[in-house]
Amino acid sequence: MTDVVEIPIRAEIPPSYAHVGDAGADLRSSEAVQIAPGKRVLVGTGVSIALPEGYAAFIVPRSGLAAKHGITVLNTPGTVDAGYRGEIKVTLLNTDTENTFAVEVGDRIAQMIVMPVSRAVFVPVEELSESARGANGFGSTGISS
Ligand SMILES: O=c1ccn([C@H]2C[C@H](O)[C@@H](COP(=O)(O)OP(=O)(O)OP(=O)(O)O)O2)c(=O)[nH]1
Ligand SMILES: [Mg+2]
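None of the values given here were measured: they were computed from a predicted structure.

## Re the sheet that holds strand S8 (residues 78–80)
Next, step 1: Read across the open sheet, the 4 strands follow the order S2-S11-S6-S8; overall the sheet is antiparallel. The strands lining the two open edges of the sheet, one partner per strand, are strand S2 (25–28) and S8. Neighbour-to-neighbour, the strand axes of this sheet turn through a mean angle of 35°, independent of strand direction.
Next, step 2: Pairing of strand S6 (residues 55–60) with S8, which is carried by 3 bridges, proceeds in the antiparallel orientation. If you follow Ala57 over to S8, its bridge partner there is Val80.

## Overview of the UniProt feature "domain: dUTPase-like" (unreviewed entry) in the chain
Next, step 1: According to UniProt, the feature "domain: dUTPase-like" (unreviewed entry) maps to residues 15–142 in the numbering used here.
Next, step 2: In residues 15–142, the share of helix is 5% and the share of strand is 34%. The end C-alpha atoms are 39 Å apart.

## A word on the pattern of salt bridges
Next, step 1: In total, this model carries 2 salt bridges according to the counting rule given.
Next, step 2: Between Asp26 and Arg62 there is a salt bridge, and its shortest N-O distance comes to 3.7 Å. Taken together, the residues Asp26 in strand S2 and Arg62 in the loop between S6 and helix H1 (63–69) connect sequence positions 36 residues apart.
Next, step 3: Accessibility expressed as a relative area gives 6% for Asp26, which makes it buried.
Next, step 4: Given a relative accessible area of 22%, Arg62 falls into the partly exposed group.
Next, step 5: For Arg108, the salt bridge is made with Asp26, and the minimal N-O distance between the two is 2.9 Å. Remark: Asp26 occurs in strand S2 and Arg108 occurs in strand S11 (residues 108–116); sequence separation between them is 82 residues.
Next, step 6: A relative accessible area of 32% means that Arg108 is categorised as partly exposed.
Next, step 7: Ionic contacts of the salt-bridge type, sharing partners, join the residues Asp26, Arg62 and Arg108 into one network.

Conventions used here
- Residues numbered from 1 in each chain as written.
- Chains lettered and ligands numbered in written order.
- Predicted model: local features only at pLDDT ≥ 70, side-chain atom pairs only at ≥ 80, totals over all residues.
- Heavy atoms only, no water.
- Pairing = 2+ DSSP bridges.
- Helix = DSSP H or I, 4+ residues; strand = E, 2+ residues; numbered from the N terminus.
- Axes fitted to C-alpha atoms, helices over the stretch in contact; angles between N-to-C directions.
- UniProt positions renumbered as here; feature names shortened; annotations may be inferred.
- Salt bridge = Lys/Arg side-chain N within 4 Å of Asp/Glu carboxyl O.
- Buried < 20%, exposed > 50% of the residue type's maximum accessible area, 1.4 Å probe, protein only.

Here it is as structure tokens:
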């Protein structure tokens, strides 16, 4: 059985999961906007939530909008803090070089994933423990095989 967390919400059109088992609930635009090629627009959703302590929501792009129209979420994953009570907004970026993208009221513009998160305590130390990766990163393992 999947974990279910109840989230108090104020919204004209609440986010909704397209299928059972989906991780992301689709967020809908509360406004009509045009996004010119290469431009970004902060788009309202009309949604406010009260996440329980220990949770966050992450706003990520929809793959269909990305693949078909070049539309992404600029700051993906946008982070909604548990204490945030304002309207959730989505910074859409039109990466297409030629076509303006039109958003209508009610369009599904992004998706939101609710996740448990840890609160870290950062403990200063002289040395970090050893690991298999060590300090290697940024492509250290190459691309093919
Ligand atoms: O895509 C996003 C990202 C954030 N938020 C809201 C919820 C989040 O809790 C708040 C602050 O986000 P963040 O911490 O990423 O922004 P900031 O630039 O650091 O602003 P602040 O100084 O208010 O923390 O803005 C959104 O509505 N959409
Ligand atoms: Mg912040």
